[in-house]
Amino acid sequence: MNTETTRLRRVGALALCLVLLFSLFSCGGGTDTPKGVLTDTVSRANLGSKMPNSIKKKTLTADGLGSAFGIRKDAPSFLRGYVYEPNIVPNTLVFGCVEVEPETAEDTAKDFLDKMNLGKQVCVVYDKKIATVDGKYILLVMGEEEVCAALEVAFHAAVAALGSKEG
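Residues numbered from 1 in each chain as written. Predicted model: local features only at pLDDT ≥ 70, side-chain atom pairs only at ≥ 80, totals over all residues. Heavy atoms only, no water.

A. Region of the structure containing the overall build of the protein. Counting its secondary structure elements, the protein contains five helices and five strands. Along the protein, helices and strands appear, N-terminal first, in the series α-α-β-α-β-β-α-β-β-α. Looking at the protein as a whole, 40% of its 167 residues qualify as buried. For the protein, restricting intrachain contacts to residue pairs at least 6 apart in sequence, the fraction spanning at least 24 positions comes to 61%. About 9,400 Å² of surface is accessible on the protein, with carbon and sulfur atoms providing 56% of the total. (Helix = DSSP H or I, 4+ residues; strand = E, 2+ residues; numbered from the N terminus. Buried < 20%, exposed > 50% of the residue type's maximum accessible area, 1.4 Å probe, protein only. Contact = heavy atoms within 4.5 Å. Areas by Shrake-Rupley, 256 points an atom, 1.4 Å probe, with all protein chains shown as cover.)

Right under this line is the structure:
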């Protein structure tokens, strides 16, 4: 192997490392994001068989609140969100985490809860809906009562863990 080939391989490897590092830090996968909070919430909830096998995870927009939760109203304090919902329709569970302006979180959660539609699916009516606040985050869940409760407890633990990482 000549030195030119070796140099090109090293430059290529360095470029690949830089791209991977950039992707890691720029794609919103940090823990202090709705995606990070929701990912930690799911791992803490230990849903086991209650978690659908085929689930899509995606960024949630203010407009997406309507399709995911039946909230057909703009959300002025909405900053960003992330949602888990099964690929199969009708589904028995949908949940997401929304980041809002902290000073409006309580009012926004109440508004969301009022507007969440348990009958949003054509063939399913969800058992329960929750919109719970912790700091700047709101957990939205529609599904079985037991799953809602497990996700709510895990959500508060996930947000509390964020606070301990900052301190």
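B. Local environment of the pairing of strand 4 (residues 128–134). Bridge count for strand 4 against strand 5 (residues 137–143) is seven bridges, and the pairing is antiparallel. Bridging across to strand 5, valine 133 finds its partner in isoleucine 138. Counted between consecutive antiparallel strands, the loop separating strand 4 from strand 5 contains two residues, among which glycine 135 sits at a positive phi close to 65°. (Pairing = 2+ DSSP bridges.)

C. Region of the structure containing the packing of aromatic side chains. Enumeration according to the criterion identifies two aromatic pairs in this entry. Seen from their ring centres, tyrosine 82 and tyrosine 84 are 6.2 Å apart, and the 75° between their planes marks the pair as edge-to-face. Put simply, the rings of Tyr82, Tyr84 and Phe95 touch in pairs and so form one group of aromatic residues. (Phe/Tyr/Trp six-rings, centres within 6.5 Å; stacked < 30°, edge-to-face > 60°.)

D. Summary view of the pairing of strand 3 (residues 94–100). With seven of seven residues buried, strand 3 is to be regarded as a mostly interior element. Taking every second residue as pointing to the same face, both faces of strand 3 are buried, with Val94, Gly96, Val98 and Val100 on one and Phe95, Cys97 and Glu99 on the other. Across six bridges, strand 2 (residues 78–86) lies against strand 3 in antiparallel orientation. Within the sheet, the bridge partner assigned to tyrosine 84 lies in strand 3 and is phenylalanine 95. Sheet topology note: the strand 3/strand 5 ladder contains six bridges and is antiparallel. Following the sheet pairing, glycine 96 is matched in strand 5 by leucine 140.

E. Expanded view of helix 4 (residues 105–115). Of all the positions in helix 4, only Ala105, Thr108, Ala109 and Phe112 are classed as buried. Along the axis of helix 4, the buried positions cluster into a sector of 100°, meaning they face one direction only. For helix 4, the exposed residues lying more than 90 degrees away from the buried face are Asp107, Lys110 and Asp114. Where the residues of helix 4 are buried, they touch helix 3 (64–69), strand 3, strand 4 and strand 5. (Arc of directions from axis to C-beta.)

F. A look at unusual backbone geometry. One non-glycine residue with positive phi stands out, namely asparagine 46, at about 50°. One can find asparagine 46 in the loop between helix 2 (34–45) and strand 1 (55–60). By relative accessible area, which is 64% here, asparagine 46 ends up exposed.

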